[in-house]
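Here is how the chains run, residue by residue.
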Amino acid sequence: MSSVHLLRHGHVHNPNKVLYGRLPEFRLSDAGQAMAQAVADDLVAREVPVGRVIASPLLRAQQTAAPIAQAYGLDIVTEERIIEAENAYEGTVLQSGAKDFIHPRNWWMLRNPFRPSWGEPYTEQRERMWAAIRDAAQANPDSDTVMVSHQLPIWVARRSYENRRFLHDPRSRECGLASLTSFEFKDGEPVSMSYREPAAHIEAPR
């Protein structure tokens, strides 16, 4: 059996607290670079047989993938289908955090949390993520694949696998920075899931 490991990117340099979404210029912070290296070191130490490294086209994902690709002597394959979810708040400065979302000017965007009305539908995220995951497993059946993506698409993929509804409190997501959500495949189908945080010892700046 082989596994597909969904890796969330590391901590991002974002001193102005911008909800960056799909904005292209946001890079890893120093802590994020350390997280990416910690994951690569962990995979090598555990002798995980990584045969393919895939990443979202966004800079932070590509930078997170780089140490793993280097450790295994692989090129990074860019995959558009595992990009961050679209979000109507993209580019917004959120100085007060989540409280900024519920300002009266935003109430119309919050009208349907089941879809959700403020961004890419959960069902579309599920379809593109699982299409990419299944294609990755099929393309590399004899070794493991690491796919560097983003928190919400990874969480949606996991909730789909677990047959749980998509509506959730974002604070409840078990998908930390540089965490691995791994699916083991047998005969082309995912048969188990596991979760690890190999970079949890690295403190992310607030």
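Let us look at the structure shown here. (Residues numbered from 1 in each chain as written. Predicted model: local features only at pLDDT ≥ 70, side-chain atom pairs only at ≥ 80, totals over all residues. Heavy atoms only, no water.)

## A look at the sheet that holds strand 2 (residues 50-55)
Sheet architecture is open: six strands sit in the order 3-2-4-1-5-6, paired in mixed fashion. With one partner strand each, in any of the chains shown, strand 3 (76-78) and strand 6 (189-196) form the two edges of the open sheet. Strand after strand, the sheet turns through a mean of 25° between neighbouring axes, direction not considered. For strand 1 (residues 2-8) and strand 4 (residues 144-149), the ladder comprises five bridges, and the chain directions are parallel. Directly across from Val 4, in strand 4, lies its bridge partner Thr 145. Contacting strand 1, strand 2, strand 4, strand 5 (180-186) and strand 6, helix 3 (residues 122-139) runs over the sheet at an angle of about 155° to strand 4. (Pairing = 2+ DSSP bridges. Helix = DSSP H or I, 4+ residues; strand = E, 2+ residues; numbered from the N terminus. Axes fitted to C-alpha atoms, helices over the stretch in contact; angles between N-to-C directions. Contact = heavy atoms within 4.5 Å.)

## Some remarks on the nonpolar core
If you look at the biggest cluster of nonpolar residues, it comprises 21 residues, and the most contacted ones within it are Leu 7, Val 39, Leu 43, Ile 68, Val 146, Val 148 and Ala 199. Elements represented by at least two residues in this core include exactly helix 1 (30-45), strand 2, helix 2 (59-72) and strand 4. Here the element with the most residues in this core is helix 1; it accounts for six residues. Excluding its chain neighbours within four sequence positions, the residues that come into contact with Ile 68 are Leu 7, Val 39, Ala 40, Leu 43, Val 53 and Val 146. Counting 16 residues, the second-largest nonpolar core is a separate cluster that includes Val 4, Met 147, Ile 154 and Phe 183. (Core = buried A, V, L, I, M, F, W, Y, C linked by side-chain atoms within 4.5 Å. Buried < 20%, exposed > 50% of the residue type's maximum accessible area, 1.4 Å probe, protein only.)

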